[in-house]
Amino acid sequence: MGLKLDFNNRYLVLDASTELLKFTAIESSDCCNRNCFPKMCIPINMKILTYGKELSRPDIMVEKDCSCTMLCLNRPTIKMYEFSNNNNKELIGTIKAPFSCCSYKFDLYDSAMRKIIYMDDTCCQLSILFPCPCGPFKFSNFFLRDAKTNEKVAHLQKEVPFLKFVKRDIDNYTLNFEEVKNPEWKMMLLAFSLFMDYIYYDRK
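These remarks concern the structure in this document. What you are looking at is a predicted structure, and each value in this text was computed from that prediction instead of being measured.

1. Looking at helix α3 (residues 183–201)
- The end-to-end C-alpha separation of α3 is 26 Å, in line with the 27 Å expected for 19 residues at 1.5 Å each.
- Counting buried positions over the 19 residues of α3 gives 14, a clear majority of the element.
- Sitting at the head of α3, Asn182 places a side-chain oxygen 2.8 Å from the backbone nitrogen of Glu184.

2. Thoughts on a nonpolar patch on the surface
- On the surface, Met70, Leu71, Leu73 and Phe99 cluster together into a nonpolar patch covering about 420 Å² of accessible area.
- Within the secondary structure, Leu73 sits in the loop between β4 (60–64) and β5 (77–83).

3. So, the packing of aromatic side chains
- Taken as a whole, this structure holds three aromatic pairs when the rule is applied.
- Ring geometry for Phe106 versus Phe192: centroids 5.1 Å apart, planes at 75°, classification edge-to-face. Taken together, the residues span a long stretch of sequence, with Phe106 in strand β7 (residues 103–110) and Phe192 in helix α3 at a distance of 86 residues.
- Exposure remark for Phe106: the relative accessible area of 1% places this residue in the buried category.
- Judged by centre distance (6.0 Å) and plane angle (75°), the rings of Phe106 and Phe195 are edge-to-face. You can see Phe106 sitting in strand β7 and its partner Phe195 sitting in helix α3, a full 89 residues away along the chain. The same class applies to Phe106 and to Phe195, which are both buried.
- These aromatic residues form a ring-pair network of at least three members: Phe106, Phe192 and Phe195.
- When the ring centre of Tyr81 is taken as reference, the NZ or CZ atom of Lys89 above it lies at 4.5 Å.
- We note Lys96 situated over the ring of Tyr109; from NZ or CZ to the ring centre the distance is 5.4 Å.

4. Description of the nonpolar core
- Counting 42 residues, the largest nonpolar core has Ile48, Ile95, Tyr104, Phe106, Leu108, Phe192 and Met196 as its most contacted members.
- Examining the composition of this core, we find that twelve residues originate from one element, α3, more than from any other.

Cut-offs and rules
Residues numbered from 1 in each chain as written. Predicted model: local features only at pLDDT ≥ 70, side-chain atom pairs only at ≥ 80, totals over all residues. Heavy atoms only, no water. Helix = DSSP H or I, 4+ residues; strand = E, 2+ residues; numbered from the N terminus. Expected span 1.5 Å × (residues − 1). Buried < 20%, exposed > 50% of the residue type's maximum accessible area, 1.4 Å probe, protein only. Polar contact = N/O pair within 3.5 Å; in protein donor to acceptor, adjacent residues only side chain to side chain. Patch = residues over 30% accessible without salt bridge, like charges linked within 9 Å, V, L, I, M, F, W, Y side chains within 5 Å. Areas by Shrake-Rupley, 256 points an atom, 1.4 Å probe, with all protein chains shown as cover. Salt bridge = Lys/Arg side-chain N within 4 Å of Asp/Glu carboxyl O. Phe/Tyr/Trp six-rings, centres within 6.5 Å; stacked < 30°, edge-to-face > 60°. Lys NZ or Arg CZ within 6 Å of the ring centre and 35° of its normal. Core = buried A, V, L, I, M, F, W, Y, C linked by side-chain atoms within 4.5 Å.

Structure follows, in structure tokens:
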């Protein structure tokens with residue numbers, strides 16, 4: 001019998017076309033909260049920075065308040081803020097995770113709380129049920145859709161790397177923006193990807 005502590009995450013975001021590091025995402029959540037509360041309830045504080053930028057001046061701040069989440073009650077909501085030149089926070093979007101029994105559901109809203117993108121994909125994929133770095137067990141696919149047309153506008157793919165056997169909380173993601181052109185919405189999709197990994201795949 002032993003004691004296991006969960007520490008803050010750090011994410012590296014690379015440009016797939018050049019394989020150069022573009023952003024780093026650094027979590028700064030409280031240690032007690034991370035180790036004492038369920039993932040859905042934990043308050044989140046994460047900074048997304050252009051690579052090499054000072055931690056005190058992030059490009060995007062991702063925040064989630066502590067909530068008592070149970071089934072459909074008090075579902076988690078995160079807010080994304082952009083830092084202006086005078087270091088003030090400006091809301092650029094909100095992500096909500098509605099309750100669902102057999103699927104991953106997320107709704108993305110702009111700064112005026114207009115629903116712009118959503119995801120509603122099954123959690124019954126082989127790579128989710130039996131993660132393994134080979135064959136059909138290696139990749140999970142999630143599609144984001146336009147809230148007005150229901151057309152696919154972006155694709156998030158989760159890959160189970162071979163290092164999973166060594167360190168189980170390592171995962172690789174590929175985010176294809178496809179039809180999403182708005183820079184703020186792209187940052188929102190990036191924050192969504194980190195949020196989804198944190199809530200569902202970051203093991204304690």
